Structure formats: C-alpha cells, structure tokens
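Given next are the chains, with one letter for each unit.
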Amino acid sequence: MSKKERVISPFHGRHDHSHCQNQAMEAAAAECKRQGLRLTTIRQQVLEIIWMSHNPIGAYDVLQKLQEAGHKPSPPTAYRALDFLVAAKLVHRVESLNAYIGCPSPGAHHECQFYICTQCGHIAELNSSAVTEALRMDAEELGFKRVQPVIEVHGVCTSCQ
Ligand SMILES: [Zn+2]
Ligand SMILES: [Zn+2]
Ligand SMILES: [Zn+2]
C-alpha cells in the first residue's frame, strides 16, 4: 500500500480548515446515504462541532458547544447522536483521551492507528495494514481471538518540534 493510501489524515500545519470541514460534511452525507442512515439535525450539529478542529473533543465539551451555539438538546440526545456517529464510523473514539475525532474518509477503511501530538493535541490517522497484520499474527500465535487493536501513539508532531 502506498504512503498516500495509508495516511487517512496527516498532521495539518497552517491550512484552510473550512475545506476540511466542507469535505467532511459531504463525506458524512454520502456515507449515511450509502449505509441507509439518516444524518438528523442533531447528528449533523454534533459532527460539525467535532470538526471544528483536528483536536479530539470530549463528550461533555460537545454538549457545552451545542449549548453555546444555542442548541439545547438533552444530554442523552446529544450522547446518542455521538454514539450514532461512532457506530456509523463518521467519528472515531480516541480511547486514551476519552475523546472523539472526525474521520475524513468514513467507509473507506476499518482499522486505524492514531498518532497524537502531546503538545498541540492534533491527531493524525493512518490505516497501515502492515501494523494490523503484524498484530493479527502475534495474536494468532497466542491463540488470542476477536482481536480489536486500539493503536494510539503519543509523540510530538512536526509543527511542535
Ligand atoms: Zn483542517
Ligand atoms: Zn477513520
Ligand atoms: Zn503538535
């Protein structure tokens, strides 16, 4: 697999983030259509908040931003919308940070690795089959079943070095 195919989301330096946002919302709409799912208003609002940056955001902060924007969903409604976005793979849960990050290529891949900058908080997403294959082979040797690799690498991105 080429380098380009592996990188789902690179570390962005200075860039026009509105481009990322527009592309993400278009990709989400297309993916929901493909899966026969409905991107309701609240789901869309939550997704827009998650895409405010390339930094992960916690569930509570999503709720606060919804309220700041004048939307007043009940917390369970907001959290259900978040669960929907994760299940539809429009958003990934970053386990080590207990937070969420938007996926720019929903539907295009199943497994991913996250590289998390401990300085600026930005996250890069890769889909490296070599990494997951190596893990599967090791798991097989252990007789380990139903493997669900969570790969989150903490370090410092190029902009912060
Ligand atoms: Zn961006
Ligand atoms: Zn992804
Ligand atoms: Zn950084």
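All residue numbers refer to positions counted from 1 along the written sequence of the respective chain. Think of it this way: whatever chain is written first is A, whatever ligand is written first is 1, and the rest follow in order. Two thresholds apply to this predicted model, a pLDDT of at least 70 for residue-level local features and 80 or more for giving and counting side-chain atom pairs, whereas whole-chain, interface and lining totals are computed over all residues.

Draft legend 1. Looking closely at the overall build of the protein. Each helix is a run of H or I in the DSSP string that is no shorter than four residues. Each strand is a run of E no shorter than two, and both are numbered from the N terminus. The secondary structure content of the protein amounts to six helices and six strands. Listing every helix and strand of the protein by position from the N terminus yields α-β-α-α-α-α-β-β-β-β-α-β. To get the radius of gyration, use the C-alpha atoms; to get the globule rule, take the number of residues to the power 0.38 and multiply by 2.2 Å. Relative to a compact globule of 161 residues, whose C-alpha radius of gyration would be 15 Å, the protein shows 16 Å and is just as compact. Oriented by its inertia axes, the alpha-carbon framework of the protein measures out at about 50 × 40 × 25 Å.

Draft legend 2. Local environment of the environment of I50. Examined against the element boundaries, I50 turns out to sit in helix α3 (residues 41-50). Any residue with 12 or fewer other C-beta atoms within 10 Å of its own C-beta is exposed, any with 20 or more is buried, and the rest are partly exposed; the C-beta atoms used are placed from the backbone. A count of 25 C-beta atoms within 10 Å places I50 in the buried class. Linking I50 and D83, residues 33 residues apart in sequence, is a C-alpha distance of 13 Å. Contacts of I50, omitting those with residues within four sequence positions, involve I57, V62, V91, Y100 and G102. By the convention adopted here, residues are in contact when the distance between their C-beta atoms, placed from the backbone, does not exceed 7 Å.

Draft legend 3. The sheet that holds strand β5 (residues 123-126), seen in detail. Sheet architecture is open: four strands sit in the order β1-β5-β4-β6, paired in mixed fashion. Edge positions in the sheet fall to β1 (7-9) and β6 (151-155), since each of these pairs with one other strand and no more. Each strand of the sheet is rotated relative to its neighbour by a mean of 25°, with strand direction disregarded. Two strands qualify as a pair provided that DSSP identifies no fewer than 2 bridges between them. The pairing of strand β4 (residues 113-117) with β5 spans four bridges and is antiparallel. Within β5, the residue paired with Q113 across the bridge is L126. Lines are fitted to the C-alpha atoms to define the axes, a helix being fitted only along its stretch in contact, and any angle between axes, read from their N-to-C directions, falls within 0 to 180 degrees.

Draft legend 4. Region of the structure containing the packing of α3 against helix α5 (residues 75-87). Following both chains from N to C, one finds α3 and α5 inclined at 75°, their axes separated by 9 Å at the closest point. In terms of their interaxial angle, α3 and α5 are classed as roughly perpendicular. Facing α3, whose interface residues are I42, R43, V46 and L47, α5 presents T77, A78, A81, L82, F84 and L85. Throughout, the ten residues Ala, Val, Leu, Ile, Met, Phe, Trp, Tyr, Cys and Pro are labelled nonpolar, Asp, Glu, Lys and Arg are labelled charged, and all others, Gly among them, are labelled polar. Tallied by class, the residues present in the contact of α3 with α5 amount to eight nonpolar, one polar and one charged. Comment on the angle field: the value is read as roughly parallel under 35 degrees, roughly antiparallel over 145, roughly perpendicular from 65 to 115, and oblique elsewhere.

Draft legend 5. Expanded view of the pairing of β6. Here β6 lies mainly on the outside; zero of its five residues are buried. Here β4 pairs with β6 via five bridges, running parallel. Across the sheet, the residue bridging to F114 is E152, located in β6.

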